[in-house]
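Next come the chains, spelled out residue by residue.
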Amino acid sequence: EVQLVESGGGLVQPGGSLRLSCAASGFTFSSYAMSWVRQAPGKGLEWVSAINAGGGSGSTSYVDSVKGRFTISRDNAKNTVYLQMNSLNPEDTAVYYCAADPQFRGSTPDVRYWGQGTQVTVSS
């Protein structure tokens, strides 16, 4: 059974940081590109970041609004992808989902598997 399980969400003050994790099982994680996608209250899905299967230098991409603040990374030995989020602001409030795609397509993933999501709330 394929599973993507996100964790690390919560309530944080503006300017704070969170680190999201997504633990994968049931498929060959190291062969899949991984993305983080978010959905703010009352809005549609927004792609946030992606990393290719190998995860090496130059293998990541970000939506402009998070560049310089968020960092995606992965540990294929642990079947886990991370999203380090710094300098958070209220506009980052959303449910964050991890998503798996057999190919690295940058900002337009063709998602094969979705996680269940983790809530991130940025508020004072």
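For the structure itself, consult the block above.
Residues numbered from 1 in each chain as written. Predicted model: local features only at pLDDT ≥ 70, side-chain atom pairs only at ≥ 80, totals over all residues. Heavy atoms only, no water.

A. Spatial organisation of the packing of aromatic side chains. Scanning the model with the defined rule gives five aromatic pairs in all. Judged by centre distance (4.9 Å) and plane angle (40°), the rings of F27 and Y113 are tilted. Taken together, the residues F27 in the loop between β3 (18–25) and β4 (33–39) and Y113 in strand β10 (residues 113–114) connect sequence positions 86 residues apart. Among the residues examined, F27 registers a relative accessible area of 13% and is labelled buried. Through successive ring pairs, a cluster of aromatic residues spans F27, F29, Y32 and Y113. A cation over a ring is seen here: R19 above Y82, with NZ or CZ 3.9 Å from the ring centre. If you follow R74 out to its NZ or CZ, it ends over the ring of F29, 4.3 Å from the centre. (Phe/Tyr/Trp six-rings, centres within 6.5 Å; stacked < 30°, edge-to-face > 60°. Helix = DSSP H or I, 4+ residues; strand = E, 2+ residues; numbered from the N terminus. Buried < 20%, exposed > 50% of the residue type's maximum accessible area, 1.4 Å probe, protein only. Lys NZ or Arg CZ within 6 Å of the ring centre and 35° of its normal.)

B. Examining the state of the cysteines more closely. Summed over the entire model, instances satisfying the criterion amount to one disulfide. The disulfide partner of C22 is C98, and the S-S distance across this bridge is 2.0 Å. Residues C22 and C98 are joined by a disulfide whose S-S torsion is about 45°; by sign, that bridge is right-handed. Linking C22 in strand β3 with C98 in strand β9 (residues 94–101), this pair joins segments that are 76 residues apart in sequence. (Disulfide = S-S within 2.5 Å.)

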